[in-house]
Amino acid sequence: ATSDSSSDEPGLGGADQVIWFVANDLNPGAAGSLYGSPPIGLEMQITCWAYAHSDDLRNVVYQRCRIIYKGTATTPSNAHIDSLYLAKWVDPDIGDYVDDYAGSSAARGLGYAYNSADVDSKFEGFGIVPPVVGYDLIEGPRVVRPGSTAHWDLKNIQGYSNLPATTFFYFNGTTRSSDFLLGSYSGTLGWWNILRGYAPFTSPPRCLVDPTTGQCTPFELSGDPLTQEGWVDGRFEQAGDRRFVLSSGPVTMAPGDTQEVVTAFIGALGTDSREGITPL
């Protein structure tokens, strides 16, 4: 069969819809106004795809982030990035943003958010319980590992493995560190700690502490909201605006190298605001 570029779309993995865009960090003003870091020549290609013909996948949007280290005009040929972490930052407003909770599952590489009450002002008009939404890291960055198999570009490749999620960190918009410390290199330093599983703005870096055990952990809010066991959101603070980051790394990159991660944006419903966590 032949394709007609005037009417056909290329598709990806048999998807019903595909969206793609590309961005880079080459504008010093734009890069600096974010977290104060200068450009290093990273290109980011984002592909999103979804399926309408499968009941199991109707509530899933796949997102692939491909990073290419192209360098800048002044990047030396022997340059390298010795510790790259890739992270998914999310602002998961469940209807009204003022009454949300967050949670994580390290074993599943999953960060999620849910409503603190069974009734939400934005969903009440539709007569439905607020859903649970999450981001699942289903393909971490690849590293060389002889004898292993990794996922890459929707294929299996030999001699590599995919790193798992390594950190889950959340923001509550009030009492915890802000993720919007913009235009200052201190913002970069704060994120550098977070992506490695440390508390932001601590020098030397200090581990994240589970308040229910007093032990260090790279995964915050890892308890079970259905049984209220462990570190569950709401035990130590009020519901409110939640944002979170799920990261994986480190990997190294030389000019011309490419890395990619794939996340699944998923949603699920239950009979109350928490029950959707199980099917999620």
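Provided above is the structure to which this section pertains.
The structure presented is a predicted model; accordingly, all values stated were derived computationally and were not measured.

*Asks:* Quick rundown of the sheet that holds strand β10 (residues 167-171)? Include the residues and the values.
*Replies:* Here we have 3 strands laid out as an open sheet, ordered β4-β11-β10, and antiparallel in their pairing. Of all strands in the sheet, those bounded by a partner on one side alone are β4 (81-90) and β10. The sheet shows a mean angle of 30° between the axes of neighbouring strands, taken without regard to direction. Of the pairings in the sheet, the one linking β10 to strand β11 (residues 243-253) comprises 5 bridges and is antiparallel in character. Paired with Tyr170 across the two strands is Phe244, which belongs to β11.

*Asks:* Give a detailed account of the state of the cysteines, specifying residues and quantitative values.
*Replies:* In this structure the tally under the stated criterion is 1 disulfide. The partner cysteine of Cys207 in its disulfide is Cys216, sulfur to sulfur 1.9 Å. Across the S-S bond linking Cys207 and Cys216, the dihedral sits near -55°, which makes this disulfide left-handed. Cys216 gets classed as exposed once you look at its relative accessible area, which sits at 52%. For the unlinked cysteine Cys48, the closest cysteine sulfur is that of Cys65, found at 10.0 Å. Of the residues examined, Cys48 reaches a relative accessible area of 18% and is grouped as buried.

*Asks:* Lay out the nonpolar core with the relevant residues and their values.
*Replies:* Counting residues in hydrophobic clusters, the biggest one holds 30 residues, and the most contacted among them are Leu84, Phe168, Tyr170, Leu221, Phe244, Leu246 and Met253. If we skip the residues at most four places from it in the chain, Leu246 touches Leu86, Ala87, Lys88, Gly109, Leu110, Gly111, Tyr135, Leu137, Ala165, Thr167, Phe168 and Phe219. In terms of nonpolar packing, the next biggest core, distinct from the first, is built from 18 residues, Tyr62, Ala264, Ala268 and Ile277 among them.

*Asks:* With reference to specific residues and values, describe the sheet that holds strand β2 (residues 42-50).
*Replies:* Taken together, the 7 strands give an open sheet; going across it, the order is β1-β2-β3-β12-β7-β6-β5, and neighbouring strands pair in antiparallel fashion. Only two strands of the sheet have a single partner each, and these edge strands are β1 (17-24) and β5 (100-105). When strand polarity is set aside, the average angle formed by the axes of neighbouring strands in this sheet is 20°. Of the strand pairs in this sheet, β5 and strand β6 (residues 110-115) are connected by 6 bridges, and their pairing is antiparallel. Opposite Ser104, over in β6, you have Gly111 as the bridge partner.

*Asks:* Report on the packing of aromatic side chains, specifying residues and quantitative values.
*Replies:* What characterises a pair of aromatic rings is the spacing of the ring centres plus the angle enclosed by the ring planes. Counted under the stated rule, the structure contains 11 aromatic pairs. For the pair Trp49 and Tyr62, a centre-to-centre distance of 5.5 Å together with 20° between the ring planes defines the contact as stacked. Here the residue Trp49 occupies a position in strand β2, and Tyr62 occupies one in strand β3 (residues 60-69), the gap between them amounting to 13 residues. Assessed through its relative accessible area of 5%, Trp49 is described here as buried. Looking at Tyr62, the relative accessible area reads 17%, which means it is buried. Plain terms: the ring middles of Tyr135 and Phe265 are 4.7 Å apart, the flat faces sit at 15° to each other, and that makes the pair stacked. Linking Tyr135 in strand β7 (residues 132-139) with Phe265 in strand β12 (residues 258-268), this pair joins segments that are 130 residues apart in sequence. Here Tyr135 falls in the buried class, since its relative accessible area comes to 12%. Taken together through their ring pairs, the aromatic side chains of Tyr35, Phe169, Phe171 and Trp191 make up a single cluster.

*Asks:* Account for unusual backbone geometry, naming residues and giving values.
*Replies:* Omega for the peptide link from Ser203 to Pro204 comes to 0°, which places this bond in the cis form. By the secondary structure assignment, Pro204 is in the loop between α3 (185-195) and β11. Following Gly249, the chain continues to Pro250 via a peptide bond in cis, the omega torsion being 5°. Positionally, Pro250 belongs in strand β11. The phi angle at Phe201 is positive, at roughly 60°, despite the residue not being glycine. Positive phi, close to 50°, is recorded for Leu221, a residue that is not glycine. For Leu221, the position within the fold is in the loop between α3 and β11. The buried category is assigned to Leu221, whose relative accessible area is 2%.

Cut-offs and rules
Residues numbered from 1 in each chain as written. Predicted model: local features only at pLDDT ≥ 70, side-chain atom pairs only at ≥ 80, totals over all residues. Heavy atoms only, no water. Pairing = 2+ DSSP bridges. Helix = DSSP H or I, 4+ residues; strand = E, 2+ residues; numbered from the N terminus. Axes fitted to C-alpha atoms, helices over the stretch in contact; angles between N-to-C directions. Disulfide = S-S within 2.5 Å. Buried < 20%, exposed > 50% of the residue type's maximum accessible area, 1.4 Å probe, protein only. Core = buried A, V, L, I, M, F, W, Y, C linked by side-chain atoms within 4.5 Å. Contact = heavy atoms within 4.5 Å. Phe/Tyr/Trp six-rings, centres within 6.5 Å; stacked < 30°, edge-to-face > 60°.

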